[in-house]
Amino acid sequence: NPEKVPALAGLPGVTMVKALLTDFGPIRENLAGQDAVVHVALGWGDTPVEMLKNDTLPSVFLLEEAARAGVKHFIYTSSTAALGDLPGDVTEETKTKPGDFYGATKASTENYLFAAPAQSALRCNVIRPGYTFGNPVIEGAAVQPDRRFHAIVAAALGNRPIELTLHDGTQFIHAAALAKI
C-alpha cells in the first residue's frame, strides 16, 4: 500500500506498486528489470487454509516470478515464530518447528526460498527480526511498538522487576539496526 509510507516513493531506485499479495498480474508486470525483491508483507488468515492461500502461496508466487524475471536477490522477512519455542542456541542451521499457523506459513515460505537457488540463479536471504521498536526509519511510517517492550522499559525505569515469559521467542531489535541489516 503506497499510502502507508509515501516517503518511499521519493527514494531513488524504489518502485511503488499498489496491489494485494494476491494480485498476481501487477506483481508479475513490475518485476522485470528489478535487481532485488524485499518481501516484508503478510497476508493474514484465520484458518490454516486461509494462511496458506493469503500468505504462503502469494510469497511462493512472488519468489517464482522474481526468478523468472531475472531478479538477482530476494530478501524475505520471516519471523522467530518459524522456529517455535526458541532453543538456547539459534544458528542458521536451527530447524524450524513452528508452534502456530503464523509460524508455519513463515517456515513454509522459508523452505521454498532455501530451495530456490537450486532451481535458478536467484540469491535468497531470510531475516527473522524480533519485535521492532524505535522511531520509524522512513518519515511517515507507522509506529506500532510492542507493548511488552514498553512494559520492560517502564519496569526498568520504575526500578520494578522485569517480567518475561520463558520460551515465548520475544526478542527486540531497534528499527535503525534492522534497516542496516
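Computed from a predicted structure; not experimentally measured.

Visitor: Quick rundown of the overall build of the protein chain? Include the residues and the values.
Guide: Along the backbone of the protein chain there are 5 helices and 5 strands. Listing each helix as α and each strand as β along the protein chain from the N terminus yields α-β-α-β-α-β-β-α-β-α. The burial tally for the protein chain puts 29% of its 181 residues in the buried class. Sequence separation of 24 or more characterises 62% of the internal contacts of the protein chain that already satisfy a separation of 6 or more. As presented, the protein chain carries roughly 11700 Å² of accessible surface, and 57% of it is formed by carbon and sulfur atoms.

Visitor: I'd like a rundown of helix α3 (residues 101-119), residues and numbers included.
Guide: Between its terminal C-alpha atoms α3 stretches 27 Å, which fits the 27 Å expected from 19 residues at 1.5 Å a residue. Those residues of α3 not exposed but buried are G103, T105, K106, A107, T109, E110, L113 and A116. Lining the buried residues of α3 we find α2 (48-68), β2 (73-77) and β3 (123-127). For α3, the side-chain oxygen to backbone nitrogen distance between the N-cap and Y102 is 3.4 Å, and the N-cap itself is D100.

Visitor: Hey, could you go over the pattern of salt bridges for me, with residue numbers and the actual values?
Guide: Scanning the model with the defined rule gives 4 salt bridges in all. Put simply, R68 and E65 hold a salt bridge, and the shortest N to O gap is 2.5 Å. You can see R68 and its partner E65 sitting in helix α2, 3 residues apart, about one turn around the helix. We classify R68 as exposed; its relative accessible area is 58%. Between E110 and R128 there is a salt bridge, with the nearest N and O atoms lying 2.5 Å from each other. One end of the pair, E110, is in helix α3; the other, R128, is in the loop between β3 and β4 (131-133), with 18 residues separating them in the sequence. According to the relative accessible area criterion, E110 is buried, its value standing at 0%.

Visitor: How would you explain the sheet that holds strand β1 (residues 36-39) if you had to name every residue and give the values?
Guide: The 3 strands are arranged β1-β2-β3 in an open sheet whose pairing can be described as parallel. Each having just a single partner strand, β1 and β3 make up the two edges of the open sheet. Taking the axes of each pair of neighbouring strands and ignoring which way they run, one obtains an average angle of 10° across the sheet. Strand direction decides the pairing type here: β1 and β2, joined by 4 bridges, are parallel. Within the sheet, the bridge partner assigned to V38 lies in β2 and is I75.

Visitor: Help me get a handle on the packing of aromatic side chains, residues and values and all.
Guide: Enumeration according to the criterion identifies 2 aromatic pairs in this entry. Geometrically, the ring pair formed by W44 and Y102 is tilted, given 5.8 Å between the ring centres and 35° between the ring planes. Here W44, found in the loop between β1 and α2, pairs with Y102, found in helix α3; they are 58 residues apart in sequence, far enough to count as distant.

Visitor: Help me get a handle on the nonpolar core, residues and values and all.
Guide: Counting residues in each nonpolar core, the largest one holds 14 residues, and the members touching the most others are V37, L63, F74, L122 and C124. For this core, the secondary-structure elements that each account for two or more residues are α2, β2 and α3. Residue contributions to this core peak at 4 residues, all from α2. In contact with F74, other than residues within four places in its own chain, are V37, H39, S59, L62, L63, A66, L113, L122, R123, C124 and N125.

Analysis parameters
Residues numbered from 1 in each chain as written. Predicted model: local features only at pLDDT ≥ 70, side-chain atom pairs only at ≥ 80, totals over all residues. Heavy atoms only, no water. Helix = DSSP H or I, 4+ residues; strand = E, 2+ residues; numbered from the N terminus. Buried < 20%, exposed > 50% of the residue type's maximum accessible area, 1.4 Å probe, protein only. Contact = heavy atoms within 4.5 Å. Areas by Shrake-Rupley, 256 points an atom, 1.4 Å probe, with all protein chains shown as cover. Expected span 1.5 Å × (residues − 1). Polar contact = N/O pair within 3.5 Å; in protein donor to acceptor, adjacent residues only side chain to side chain. Salt bridge = Lys/Arg side-chain N within 4 Å of Asp/Glu carboxyl O. Pairing = 2+ DSSP bridges. Axes fitted to C-alpha atoms, helices over the stretch in contact; angles between N-to-C directions. Phe/Tyr/Trp six-rings, centres within 6.5 Å; stacked < 30°, edge-to-face > 60°. Core = buried A, V, L, I, M, F, W, Y, C linked by side-chain atoms within 4.5 Å.

Everything listed here is a matter of coordinates, which is why it stays silent on function.
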